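Structural description and commentary
Here is how the chains run, residue by residue.
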Amino acid sequence: MSILLLGGSSEATQLAKALGPQAVLSLAGVTKKPVATPHRTGGFGGVEGLLQYLSAENIVAIIDATHPFAAQMSRHAAAAAAQTGLPLLRLERPSWPPTASWRMAPDLASAAAALPAGARAFLTVGSRSLTPFLARTDFWCLTRAIEPPRQCPPGQLLIQRPPFTLEGEIALLKTHKISHLVSKNAGGAATSAKLEAARLLGVEVIMVQRPPLPAAPTVDSIAGAVTWVAQIKGKT
Ligand code: NAP
C-alpha cells in the first residue's frame, strides 16, 4: 500500500526524502538528470492509464507535487481521484505576489504578444514553453533553460540550473542589456532573484499567470504534506 507522489518540483524531491519508502515518486521523464531518483518514469497514458496504475500498484492516496504549470498531470490526478475516491493532496508553493509594475499575461501566447518589437528579452519560461515565442523574429532573446530546447527564438541560449543569486541575475541583465523579463509565476526562492534584479534595473516584467486547476485540498509546505500522510495512514 503506497502513496503515489507526482513529482517534477523541488518540493516533490524534498517530500520524497521525508516520506521514504511509503511514497512512490513518479517523474514525467523530461529532465535527463533529475535531482531526485524516481521510482518510476514516464507518462501513465492519460487518465485511463493512471487509473490502471493506481489499481495495479495498490495506491492508497495521491500527492500532486508537480510544477504549478504542469496542469495536465494535475487535472488527470484530480479526475482519477474523483473516479476512485482516493484522497488527493496538492503540494503547491505559493505564487510570487504581484507588483503593480508587472504586466500580467494569462498564458504564454499573450506573453509573447506583449513583447514589443526591438525588445531584448530574458526568457525564463522553460525549454518546453518556447513555441509562442518562435513565431516572432523582431526581438532578441536570452533564453535560459535547464534542458536544451529543440528550437530557440533568435538570440542566445543559456543552460543553467537554479538556484540563482541576485548578483548573478543583475550581471546577466546588464551584460545582455535586457529590456524585458518573461517569467511564469512559478513561485519559490530558487528563481526569484531575477524579479528583484529586474526591479532594481527598471527591466519590465511580463508575468505568465498560473493555469486554473480543479479544486483540491492544498498545502504549501513539506511539513503540511507529511502531516496529511500521517492522517491518511491513520484512516487506512
Ligand atoms: P503536463 O503538461 O502537466 O503533463 C504532460 C504529461 O506528462 C501528463 O499528461 C503525463 O502523461 C506526463 N506527466 C507529467 N508529470 C508526470 C509525473 N510526475 N509522472 C508521470 N507522468 C507525468 O506537464 P509538463 O508541463 O509537460 O511538465 C512535465 C514535467 O516537468 C512535470 O512533472 C512537471 O512537474 C515538470 N515541470 C514542468 C514545468 C512547466 O513549466 N510546465 C516546469 C518545471 C518542471 P500521461 O498523460 O501519459 O500520464
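For the structure itself, look to the data block above.
Residues numbered from 1 in each chain as written. Predicted model: local features only at pLDDT ≥ 70, side-chain atom pairs only at ≥ 80, totals over all residues. Heavy atoms only, no water.

Let's talk about the packing of helix 1 (residues 10-19) against helix 8 (residues 222-235)
Between helix 1 and helix 8, the shortest axis-to-axis distance is 10 Å and the interhelical angle comes to 45°. Taken together, the axes of helix 1 and helix 8 are oblique relative to one another. Viewed along their axes, helix 1 and helix 8 form a crossing whose handedness is right-handed. Of the residues in helix 8, those touching helix 1 at Glu11, Gln14, Leu15, Ala18 and Leu19 are Ile222, Ala225, Val226 and Val229. Of the residues contributing to the contact of helix 1 with helix 8, the split by class is 7 nonpolar, 1 polar and 1 charged. (Axes fitted to C-alpha atoms, helices over the stretch in contact; angles between N-to-C directions. Helix = DSSP H or I, 4+ residues; strand = E, 2+ residues; numbered from the N terminus. Parallel < 35°, antiparallel > 145°, perpendicular 65-115°, else oblique. Left-handed = near helix turned anticlockwise from the far one by under 90°. Contact = heavy atoms within 4.5 Å. Nonpolar A, V, L, I, M, F, W, Y, C, P; charged D, E, K, R; others polar.)

As for the environment of Thr99
Along the chain, the position of Thr99 falls in the loop between strand 5 (88-91) and strand 6 (103-105). Classification of Thr99 by relative accessible area gives partly exposed; the value is 38%. Residues Thr99 and Val205, spaced 106 residues apart in sequence, show a C-alpha to C-alpha distance of 9.6 Å. (Buried < 20%, exposed > 50% of the residue type's maximum accessible area, 1.4 Å probe, protein only.)

Thoughts on the packing of aromatic side chains
Counted by the stated rule, this structure contains 1 aromatic pair. Across the ring face of Trp140, the terminal group of Arg120 is positioned such that the distance to the ring centre comes to 4.0 Å. If you follow Arg144 out to its NZ or CZ, it ends over the ring of Phe164, 3.6 Å from the centre. (Phe/Tyr/Trp six-rings, centres within 6.5 Å; stacked < 30°, edge-to-face > 60°. Lys NZ or Arg CZ within 6 Å of the ring centre and 35° of its normal.)

Concerning the site of the ligand
Near the ligand lie 23 residues; those nearest to it are Ser26, Phe44, Met73, Arg128 and Lys184. Residue Ser26 places a side-chain N or O atom 2.7 Å away from a nitrogen atom belonging to the ligand. Gly45 is positioned with one of its backbone polar atoms (N or O) 2.9 Å from an oxygen atom of the ligand. Alone, the ligand offers 810 Å² of accessible surface; in the complex the protein occludes 78% of this. Top contributing element to the shell around the ligand by residue count: helix 3 (residues 71-84), with 4 residues. Classifying every residue of the shell around the ligand gives 9 nonpolar, 11 polar and 3 charged. (Near = heavy atom within 4 Å. Polar contact = N/O pair within 3.5 Å; in protein donor to acceptor, adjacent residues only side chain to side chain. Areas by Shrake-Rupley, 256 points an atom, 1.4 Å probe, with all protein chains shown as cover.)

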